[in-house]
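Structure at a glance
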Amino acid sequence: MSGIRCSLLAFASLAVAGPAVAADFDNVLIIVADDMGSDKVGSYAGDVSNPTEARPTTTNLDRLAAAGVRFSDAWAMPMCSPTRAALNAGEYAYRTGVGNVIGEGSTTKLPLTPATLPQLATDAGVVTALFGKWHVGETTTTPHTPTTTALDYKEYPVQAGYSSFLGNMTGEVDSYTNWLYTVSQAKSGNATGYSTTATTMTASVTDRTTDDAESWMAAQVAAGKRYMAVVTYHQPHATRGA
């Protein structure tokens, strides 16, 4: 978890230095594959558990690993909500109060103090957005089936510091091609509050998450803005639609 804490410290230092320093930092893309073991990624498979096992073909992920940094000694929370809490808070999930999967009807949610990763990035002049699965803050009215009601809790990712959230709030969707699509954005300029909509989406949740992230990142590059995009997929998680 020290890697996450170092990332938070880096953004904290950047925030203290001022937004102008953001131009010296590279764009950040964080991808979370839901409940997928490292043995299912070609560049990691066979390292520890079974050195002789065949490596799966994950061409794009392997290319990212080859061109970037590959962690071979790290600890992780092998569950949905704690993983997201640790990522956003920069500390062990149990310290955030999110030590287990947040079930339907739970009031447990990601604490917003002392600071979250997107808050620090935003303060540093970096534009942030989250795409895909949230699952670190729901209410007793959380629906797991497509509906346009209960918008009150759907602004929580933006309240946590992201300028935009496009995805689904819950821990899982009943169908990967029939799910509740939430778009929540902080109002720009002198306006306060948030703009939130929720509609039924029939496109593949994985394809839509990827398309949204790619479009948003391209727009930030075109506008000359430094960005941090967090892409948290709903899959593989469960075999719905298989």
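Before any of the text, the structure's been laid out above.
Residues numbered from 1 in each chain as written. Predicted model: local features only at pLDDT ≥ 70, side-chain atom pairs only at ≥ 80, totals over all residues. Heavy atoms only, no water.

You can see T128 is positioned in strand β2 (residues 127-133). Taking the relative accessible area as the measure of exposure, T128 reaches 0% and is therefore buried. Taking C-alpha positions, T128 is 7.9 Å from V230, a pair spaced 102 residues apart along the chain. In contact with T128, other than residues within four places in its own chain, are P118, A121, T122, G161, Y162, S163, S164, W216 and M228. A distance of 3.3 Å separates a polar atom in the side chain of T128 from the backbone oxygen of G161. (Helix = DSSP H or I, 4+ residues; strand = E, 2+ residues; numbered from the N terminus. Buried < 20%, exposed > 50% of the residue type's maximum accessible area, 1.4 Å probe, protein only. Contact = heavy atoms within 4.5 Å. Polar contact = N/O pair within 3.5 Å; in protein donor to acceptor, adjacent residues only side chain to side chain.)

Attention now moves to the pattern of salt bridges. All told, the structure shown has three salt bridges when counted by the stated rule. Through salt bridges that share partners, D34, R84 and K133 make up one connected network. (Salt bridge = Lys/Arg side-chain N within 4 Å of Asp/Glu carboxyl O.)

Taken as a whole and assessed by the stated rule, the structure comprises four aromatic pairs. With a centroid separation of 5.7 Å and an interplanar angle of 75 degrees, the aromatic rings of W216 and Y227 are classed as edge-to-face. Of this pair, W216 sits in helix α7 (residues 205-222) while Y227 sits in strand β6 (residues 227-236), and the two are eleven residues apart along the sequence. Each member of the pair, W216 as well as Y227, carries the same accessibility label: buried. In this structure an aromatic cluster arises from ring pairing among F131, W216 and Y227. Taking NZ or CZ as reference, K109 lies 4.6 Å from the ring centre of Y156, over its face. (Phe/Tyr/Trp six-rings, centres within 6.5 Å; stacked < 30°, edge-to-face > 60°. Lys NZ or Arg CZ within 6 Å of the ring centre and 35° of its normal.)

Further remarks concern α7. Spanning 18 residues, α7 covers 26 Å between terminal C-alpha atoms, matching the ideal 26 Å at 1.5 Å per step. Within the sequence span of α7, burial applies to V205, T209, D212, A213, W216, M217 and Q220. Burial along α7 is one-sided: seen end-on, the buried residues are contained in an arc of 120 degrees. Turned more than 90 degrees away from the buried face of α7 sit S215, V221 and A222, all of them exposed. Buried residues belonging to α7 abut β1 (28-34), β2, β3 (164-168), β4 (179-186) and β6. At the exit of α7 stands G224, carrying a positive phi of roughly 75 degrees. (Expected span 1.5 Å × (residues − 1). Arc of directions from axis to C-beta.)

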